[in-house]
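Overview (structure and organization)
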Amino acid sequence: MISMKPVSLQSRIFSYGALFVSLVAIIIGISFYFTMSQGIEQQIGDRALSIARTTADRPDVRAGFGQVNPSEALQPIAEAVRLKTGAEYVVIGNSEGIRYAHPVAERIGQKMVGDDNERALLLGESYISEATGTLGAALRGKTPVFNEYGEIIGIVSVGFLKEDISSIFFQYVDNISYIVLIAIILGVIGSSVLAHNIKKELFNLEPAEIANLFTERNALIESVREGIIMVDAKGIITTVNMAAYETLSLPGQTELIGRTIQEVLPNTLLPKVLETGERHLDRPMEIHGKKVIVNRIPIRVGEQIVGAVSTFRLQSDIDQLAMELSQVKRYTEALRAQTHEYTNFLYTISGLIQLNSYDEALSLIHDETAEHQSLIQFVTKRLQDPFLGGIVIGFFNRAKELKVRFLLDEDSFLQTLPKHLEKNHFVSIIGNLVTNAFEAVESYPEEQRMVRIFILDNGQEILIEIEDSGHGIADEVLDVLFQEKVSTKEQGDHGYGLMKVAENVNDLGGSITLEKGDLGGALFIISIPKGGFSYDRSD
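The notes below deal with the structure included here. Not measured: the values here are computed from a predicted model.

1. Examining the overall build of the protein
For the protein, the count of helices and strands is 14 helices and 15 strands. Within the protein, the proportion of its 539 residues that are buried is 41%. In the protein, the share of contacts with a sequence separation of at least 24, taken over all contacts with a separation of at least 6, comes to 56%.

Pasting the structure below:
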């Protein structure tokens, strides 16, 4: 089978446009021709009637009817009028319809032909008629002739042959044809320009390609886990994906398209984006009690802002990803520290073997194994939750690499974290505080570097204490310590860790206290109620 290539959109627009304009031009031309023909016929009819009336009102015509031989007086008058006015004929007859004057002299004395004299001879009316006489089909003006007593004594008939009228019509056909042809040419050119511009506006895409793009665009928008809302230049919602419905806590059947964005999100800043064209990236916002991170970007066509798009995602989702990444990073650092430590350990064993110091090598292996097993047994006995046990063991390895004495308080004990408490929050809290503690003591002599951690489940709450032997926290920053970009470090981009700790503790419904520890540095005490929020957190 031969596959026909589909006609392009530009070709179809051009063809339909040219055909439509051509049909309209031809219809207008034909209508104009018939309208003009009727007008010319009306004008010629009025002219014939006017000539007839003028002739009937002439005194010499009336006087001619009173002579013994009326034809001798009326025939010259009728011929003179015919020649002067250009009429095809001027016929004068008596009250019986017998001709007194006619362009063909042989027909004088004969009865007038056409059977259209009754209205003039019987009713005394003047009118225009169309009938076929001895000279052919004609348009005739007829009027009665009255004597001085008002009596009808005859009739005047002035006619123009239809054949001559048609020839007048045809004189205008060429002009009308030229006008129609010019209109068609202009229509074809206009259709070509229109088709080209429409194709350009559609980025040279065909309807099938546009439909595919629309389908792909919808699939793409729905596949994104972030909520998406698009508005036009007036702030009317044009596009919403299902993730937006979930974030807004709205049923899927709720119709949002067509409503104003202020009606759906009263605290939105999209109208400001439409007004200023400013981009808002990673802005915090609260939607129906949920913390979200929002991006707002204007949609431009050239220099004009035609709409805006807002994407948002729950802060908890981002935090979870950050926690997972932080957890992976901490595990990676712990593994790196452990790898580095064991590499040095293997180098030492290799050196002892090369020196034939086998007893020393065996003793070192036994000591290291015993120490490692003792650490694992101690941690797993005190922290039976593998999630917390794993991160603590990782920090033991990290501390060993940093030459920091890392202590797990012997009174620590926790079997398992409650399922309703997010473990990622605990990893973030412990990870940030222990990392800060390591950094707080890194500038001290090796024998003074100490960090202690205490984790206890007392049945009602989970207590976490992290203490270091550093210089502590200055009094002037205590009130703002847990705010963003507040840090005791002098260099680098810091200040996020403690802010994140405070947020995680708050999300778990707990509390955090800062004191001066027995080791001389800062002591952070975190209390997390096992039953959930320990106080009313509703606004």
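Moving on from the model shown.
2. Thoughts on the packing of helix α12 (residues 386–402) against helix α13 (residues 423–441)
Interaxial distance between α12 and α13 falls to 11 Å at its minimum, and their mutual angle equals 15 degrees. With respect to α13, the element α12 is oriented roughly parallel. The element α12 and its partner α13 pack so that their crossing is right-handed. Residue-level contacts link F387, L388, F395, R398, A399 and L402 of α12 to K423, N424, F426, V427, I430, G431, V434, T435 and F438 of α13. When its residues are assigned to classes, the contact of α12 with α13 shows ten nonpolar, three polar and two charged.

3. What to know about the nonpolar core
Membership of the largest hydrophobic core comes to 37 residues, with the highest contact counts inside it found for V392, F406, F426 and I453. With eight residues, α13 is the largest single contributor of residues to this core. Apart from the residues within four sequence positions on either side, F426 is in contact with L388, L417, L421, I462, I464, L508 and I528. Among the nonpolar cores identified, the runner-up in size contains 30 residues, and M36, A52, I92 and F160 belong to it.

4. Let's talk about the sheet that holds strand β7 (residues 237–240)
Reading across from one edge, β7-β6-β10-β9-β8 is the order of the five strands in this open sheet, with antiparallel pairing throughout. A strand with exactly one partner marks an edge of an open sheet, and here the two such strands are β7 and β8 (280–287). Each strand axis lies, on average, 25 degrees off the axis of its neighbour in the sheet, ignoring direction. Taken together, the ten bridges between strand β9 (residues 290–301) and strand β10 (residues 304–314) define a ladder with antiparallel strand orientation. From the neighbouring strand, R300 faces β10, where its bridge partner is I305.

5. Concerning the sheet that holds strand β13 (residues 461–468)
On the basis of which strands lie adjacent, the open sheet formed by five strands has the order β11-β12-β13-β15-β14 and mixed pairing. Because the sheet does not close on itself, it has two edges, and the strands there are β11 (405–408) and β14 (511–516). With direction set aside, neighbouring strand axes in the sheet form an average angle of 15 degrees. Its contacts with the sheet place α12 against β11 and β12 (450–457), and it is angled at close to 155 degrees to β11. Of the strands in this sheet, β11, β12, β13 and β15 (522–529) touch α13, which is tilted by about 15 degrees from β13.

6. Looking at a nonpolar patch on the surface
Among the surface-exposed residues, L181, I182, I185, L186, I189 and V193 lie close enough to one another that they form a single nonpolar patch of about 560 Å² accessible area. Along the chain, the position of I189 falls in helix α5 (residues 162–201).

7. Here we look at the pairing of β8
Bridge analysis of β8 against β9 gives six bridges, and the strand direction is antiparallel. In the strand pairing of β9, M285 is matched with V292.

8. Points about the side chain of R452
Structurally, R452 is set in strand β12. Take R452: its relative accessible area is 16%, and that puts it in the buried class. Side-chain polar atoms of R452 contact the side chain of E465, separated by 3.0 Å. In contact with R452, other than residues within four places in its own chain, are L407, D409, E465, I466, E467, L519 and L523.

9. Considerations on the pattern of salt bridges
Enumeration over the complete set of coordinates arrives at 13 salt bridges. Between R82 and E79 there is a salt bridge whose closest N-O contact spans 2.9 Å. Of this pair, R82 and E79 both sit in helix α3 (residues 70–85), three residues apart, roughly one helical turn. Exposure class is identical for R82 and E79. Each is buried.

10. So, the environment of K142
Note on placement: K142 falls in strand β4 (residues 136–146). In this structure, the C-alpha to C-alpha distance between K142 and A120, residues 22 residues apart in sequence, is 6.9 Å. Sequence-distant contacts of K142, defined by excluding residues within four places in its chain, comprise L49, M112, D116, N117, E125, S126, Y127, S129, I155, V156 and S157. At 3.0 Å, the side chain of K142 forms a polar contact with the side chain of S157.

11. Digging into the pairing of strand β6 (residues 227–232)
For β6, the tally of buried residues reaches five of six residues, placing the bulk of the element in the interior. As paired strands, β6 and β10 are joined by six bridges and run antiparallel to one another. Its bridge partner lying in β10, V231 is registered against A308. In the sheet, β6 pairs with β7 via three bridges, with the strands oriented antiparallel.

12. Overview of unusual backbone geometry
Phi is positive for D282, which is not a glycine, with a value near 50 degrees. One can find D282 in strand β8. Judged by relative accessible area, D282 falls into the exposed class, the value being 55%. Positive phi values are uncommon outside glycine, yet K403 reaches one of about 60 degrees. Within the secondary structure layout, K403 lies in the loop between α12 and β11.

The rules we used
Residues numbered from 1 in each chain as written. Predicted model: local features only at pLDDT ≥ 70, side-chain atom pairs only at ≥ 80, totals over all residues. Heavy atoms only, no water. Helix = DSSP H or I, 4+ residues; strand = E, 2+ residues; numbered from the N terminus. Buried < 20%, exposed > 50% of the residue type's maximum accessible area, 1.4 Å probe, protein only. Contact = heavy atoms within 4.5 Å. Axes fitted to C-alpha atoms, helices over the stretch in contact; angles between N-to-C directions. Parallel < 35°, antiparallel > 145°, perpendicular 65-115°, else oblique. Left-handed = near helix turned anticlockwise from the far one by under 90°. Nonpolar A, V, L, I, M, F, W, Y, C, P; charged D, E, K, R; others polar. Core = buried A, V, L, I, M, F, W, Y, C linked by side-chain atoms within 4.5 Å. Pairing = 2+ DSSP bridges. Patch = residues over 30% accessible without salt bridge, like charges linked within 9 Å, V, L, I, M, F, W, Y side chains within 5 Å. Areas by Shrake-Rupley, 256 points an atom, 1.4 Å probe, with all protein chains shown as cover. Salt bridge = Lys/Arg side-chain N within 4 Å of Asp/Glu carboxyl O. Polar contact = N/O pair within 3.5 Å; in protein donor to acceptor, adjacent residues only side chain to side chain.

Without other data, these values stay purely geometric and don't point to any function.
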